[in-house]
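Below, each chain spelled out in residue letters.
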Amino acid sequence: MDTVLADSPPVRPVSSRNATIPTGTKTAAAAAQGVAAGQAAVTAATEAIVSFEAVSKRFPAGRGSAEVVALDAIDLAVPRGSVTGIIGRSGAGKSTLIRLVNGLEKPSSGRVVVDGRDVAALGEDKLREVRRSIGMVFQHFNLLSSRTAYQNVALPLEIAGADRRTIEARVTPLLELVGLSDKRDRYPSELSGGQKQRVGIARALATQPKLLLSDEATSALDPETTRSILALLKKINSELGLSVLLITHEMEVVKTVADHVAVIDRGAIVERGTTFDLLSAPRHETTRALLAGLPSLSLPAFLAEQLRPEPSAGSRAVLRISFAGDSATQPILSRLGQATGVEVNILAGAIDEIGGRPFGSLVVSIAGDAATLAKAQNHLAAHGLQAEVLGHVA
Ligand SMILES: Nc1ncnc2c1ncn2[C@@H]1O[C@H](COP(=O)(O)OP(=O)(O)OP(=O)(O)O)[C@@H](O)[C@H]1O
Ligand SMILES: [Mg+2]
């Protein structure tokens with residue numbers, strides 16, 4: 001059985017997002033893909049575009065290294081029309097997972113079903129067909145240096161045997177979609193990193209795929225360029241109804257662009273859910289650790305340096321209180337102080353938003369013994385707030 005990422009209908013129907021577009025007209029993005037906006041809406045259903053069914057991947061022992069279990073019994077469904085993020089640390093198995101989707105690797109056991117087809121069971125011809133329905137964007141862009149932006153985007157079409165007119169009709173609107181019409185005759189060496197990635201994205205869209213795979217597409221880019229590339233991916237998702245599966249080690253990336261998130265740790269999915277639920281109420285230790293890297297939630301250096309894992313005489317416990325939605329606006333701390341009689345000091349804090357909903361965290365220190373700490377935690381839990389003890393400061 002698949003485990004779908006979310007319980008509720010997982011995908012906002014594309015039709016509602018395109019509600020303002022009159023029937024028969026084309027958005028720039030839909031035009032680039034050669035589909036009417038309404039058509040893109042119709043094809044977006046809520047079932048999975050990719051499902052991993054009990055997928056394991058073992059790399060055999062060799063050249064002095066032991067066998068590696070890169071993926072261990074993965075059950076995961078990527079809802080069609082969604083932007084789904086898979087986040088995990090280096091070596092967690094993210095690239096292996098994504099390489100199973102386009103058939104570059106075969107599972108050791110289990111099935112990877114893409115758009116209804118078991119990828120590993122396909123012959124060469126059918127596999128080529130599936131690969132044409134999947135676009136791939138890479139961290140290092142993988143552009144051909146001897147080809148211009150236009151010629152790089154045209155490449156998959158040339159390989160597929162398209163004629164010049166078809167190629168021109170496809171590539172020109174794609175360059176417009178990614179905002180590079182004026183760079184069509186530039187070579188990669190004449191483009192910035194962000195521009196190169198835009199070429200990479202246009203090239204990935206050239207064969208009009210249903211699914212876009214992104215392996216750390218923004219990892220080599222600065223924060224501002226990252227935001228603009230993520231905005232482009234989101235636009236492609238919402239205007240074309242294209243499903244996007246992206247893997248990243250950065251929580252900021254999934255926070256900005258993903259509807260659903262799964263956390264992978266040592267080859268296993270340890271937590272999953274809608275981005276809001278997962279980020280506002282993380283349960284697994286790995287998710288929490290990855291969240292701590294969010295710029296808005298990271299601890300100030302002076303505090304991180306002082307933190308000790310165990311309490312000492314007279315030390316104060318340091319708690320991170322996470323809150324979401326309505327509770328973000330409640331006077332959390334004054335109530336905590338009143339209800340428990342403990343003195344609460346604010347050390348750091350930030351309020352962020354995901355999809356227009358506030359979520360945030362406050363880092364506080366409280367005086368007192370273990371019983372006082374437990375009392376404070378119980379009070380917070382009773383009000384639906386997560387409180388994690390980060391450590392103790394003298
Ligand atoms: N072809 C291979 N042969 C042997 N081991 C491999 C092979 N490919 C990957 N592995 C191992 O599988 C594990 C998962 O690797 P993978 O590349 O999927 O990680 P990742 O999550 O993408 O990491 P990163 O964030 O660093 O890219 C690692 O321990 C890696 O060494
Ligand atoms: Mg990788």
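Just so you know, these numbers come straight off a predicted model, no measurement behind them.

> Can you walk me through the overall build of the protein chain in this structure?
Broken down by element type, the protein chain carries 15 helices and 14 strands. At a minimum sequence separation of 6, the contacts of the protein chain that also span at least 24 residues come to 70%.

> Honestly, the site of ligand 1 in this entry has me stumped. Any pointers?
Close contacts around ligand 1 come from Phe59, Val68, Ala70, Gly88, Ser90, Gly91, Ala92, Gly93, Lys94, Ser95, Thr96 and His249, and that covers them all. Elements that contribute at least two residues to the shell around ligand 1 include exactly strand E2 (68–79) and helix H4 (94–101). Considering only residue class, the shell around ligand 1 consists of 4 nonpolar, 7 polar and 1 charged.

> Any chance you could explain the packing of helix H6 (residues 149–159) against helix H7 (residues 164–177) here in plain terms?
Any two packed helices are characterised by how steeply their axes cross, that is the angle between the axes, and by the distance between the axes. Relative to each other, H6 and H7 sit at 130°, their axes nearing to 10 Å. Classed by the angle they form, the pair H6 and H7 counts as oblique. The way H6 lies across H7 gives a crossing that is right-handed. Contact residues: H6 offers Ala149, Tyr150, Val153, Ala154, Leu157 and Glu158, while H7 offers Thr166, Ile167, Arg170, Val171, Leu174 and Leu175. Residue composition of the contact of H6 with H7, by class: 9 nonpolar, 1 polar and 2 charged.

> Can you help me understand the pairing of strand E11 (residues 316–324) in this one?
Taken across its 9 residues, E11 has 8 buried, putting it largely inside the fold. Bridge count between E11 and strand E13 (residues 357–366): 8 bridges; the pairing is antiparallel. Looking at the pairing, Ser322 lines up with Ser361 of E13.

> I'm lost on the pairing of strand E9 (residues 260–265) in this one. Help?
Taken across its 6 residues, E9 has 5 buried, putting it largely inside the fold. Direction of pairing for strand E3 (residues 83–88) relative to E9: parallel, over a ladder of 5 bridges. Bridge pairing in E9 links Ile87 to Val263. Summarising the sheet, E9 and strand E10 (residues 268–274) pair through 6 bridges and their orientation is antiparallel. Along E10, the bridge assignment pairs Val263 with Glu271. Connecting the antiparallel pair E9 and E10 is a turn made up of 2 residues, with Arg266 showing a positive phi of about 45°.

> How should the environment of Ile366 be read in this particular structure?
Mapped onto the elements of the fold, Ile366 is located in strand E13. Setting aside anything within four residues of it in sequence, one finds Ile366 in contact with Arg316, Ala317, Leu319, Val342, Glu343, Val344, Thr372, Leu373 and Ala376.

> Is there a simple way to explain the sheet that holds E2 in this structure?
Here we have 4 strands laid out as an open sheet, ordered E2-E1-E4-E5, and antiparallel in their pairing. The two strands at the open ends of the sheet, each matched to only one other strand, are E2 and strand E5 (117–118).

> Explain the confidence of the model for the protein chain to me, please; I cannot follow it from the model alone.
Detail in the predicted coordinates should be disregarded across regions flagged by low pLDDT. Here the protein chain shows a mean pLDDT of 86. Residues at 70 or above account for 87%. Under a pLDDT of 50 for its full length, residues 35–45 has, in the predicted model, 27 contacts with residues more than four places off or in other chains.

> Would you mind showing me how to read the nonpolar core here?
A general tendency of soluble globular proteins is for nonpolar side chains to be buried together. Grouped together as the largest cluster of nonpolar side chains are 93 residues, with contacts concentrated most on Val101, Val153, Leu174, Leu175, Ala202 and Leu245. When residues of this core are assigned to domains, at least three fall in each of domain 1 (47–293) and domain 2 (295–393).

> Got a minute to help me understand the environment of Gly200 in this structure?
Tracing the sequence through the fold places Gly200 in helix H8 (residues 193–205). Exposure remark for Gly200: the 26 C-beta atoms within 10 Å place this residue in the buried category. Here the alpha-carbon distance between Gly200 and Ala149, two residues 51 residues apart in the chain, equals 9.0 Å. Residue contacts for Gly200: discarding those within four places in its chain leaves Val137, Phe138, Phe141, Asn142 and Leu143.

> Before we go on, may I ask you to explain H4 in this structure?
For the α-helix, the turn length of 3.6 residues means that residues three or four positions removed from each other point alike. Along H4, 6 of the 8 residues are buried, which leaves the element largely enclosed by surrounding structure. Of the residues flanking the end of H4, it is Gly103, one or two places downstream, whose phi is positive at about 75°.

> Sorry, what's going on with the sheet that holds E10 here?
Within a sheet, adjacent strands bond to each other through the backbone by hydrogen bonds, running parallel or antiparallel. Pairing within the open sheet is mixed, and its 6 strands lie in the order E6-E7-E8-E3-E9-E10. What marks the edges here is a single partner per strand, and that holds for strand E6 (134–138) and E10. Taken pair by pair, the neighbouring strands of this sheet meet at an average axis angle of 15°, ignoring direction. Those strands touched by H8 are E6 and strand E7 (211–215), and its axis lies near 165° from that of E6.

> Would you mind showing me how to read the packing of H6 against H8 here?
Direction vectors running N to C along H6 and H8 enclose 30°, while the axes themselves pass 7 Å from each other. By the angle class used here, H6 and H8 are roughly parallel. As for how H6 packs across H8, the hand of that crossing is right-handed. Contacts from Ala149, Asn152, Val153, Leu155 and Pro156 of H6 reach H8 at Val199, Ala202 and Arg203. Partitioned by chemical class, the residues of the contact of H6 with H8 number 6 nonpolar, 1 polar and 1 charged.

> Looking at this structure, I do not really get unusual backbone geometry. What am I missing?
Note: most residues except glycine have negative phi, and most peptide bonds are trans. At Ala54, a residue that is not glycine, the phi angle is positive and equals roughly 45°. Within the secondary structure layout, Ala54 lies in strand E1 (residues 48–59). For Asn142, which is not glycine, the phi torsion reads 55° and is therefore positive. What makes Asn142 partly exposed here is the crowd of 13 C-beta atoms within 10 Å.

Thresholds applied
- Residues numbered from 1 in each chain as written.
- Chains lettered and ligands numbered in written order.
- Predicted model: local features only at pLDDT ≥ 70, side-chain atom pairs only at ≥ 80, totals over all residues.
- Helix = DSSP H or I, 4+ residues; strand = E, 2+ residues; numbered from the N terminus.
- Contact = placed C-beta atoms within 7 Å.
- Near = placed C-beta within 6 Å.
- Nonpolar A, V, L, I, M, F, W, Y, C, P; charged D, E, K, R; others polar.
- Axes fitted to C-alpha atoms, helices over the stretch in contact; angles between N-to-C directions.
- Parallel < 35°, antiparallel > 145°, perpendicular 65-115°, else oblique.
- Left-handed = near helix turned anticlockwise from the far one by under 90°.
- Buried ≥ 20, exposed ≤ 12 C-beta atoms within 10 Å, placed from the backbone.
- Pairing = 2+ DSSP bridges.
- pLDDT = per-residue confidence, 0-100.
- Core = buried A, V, L, I, M, F, W, Y, C linked by C-beta atoms within 7 Å.
- Domains from an automatic or database assignment.

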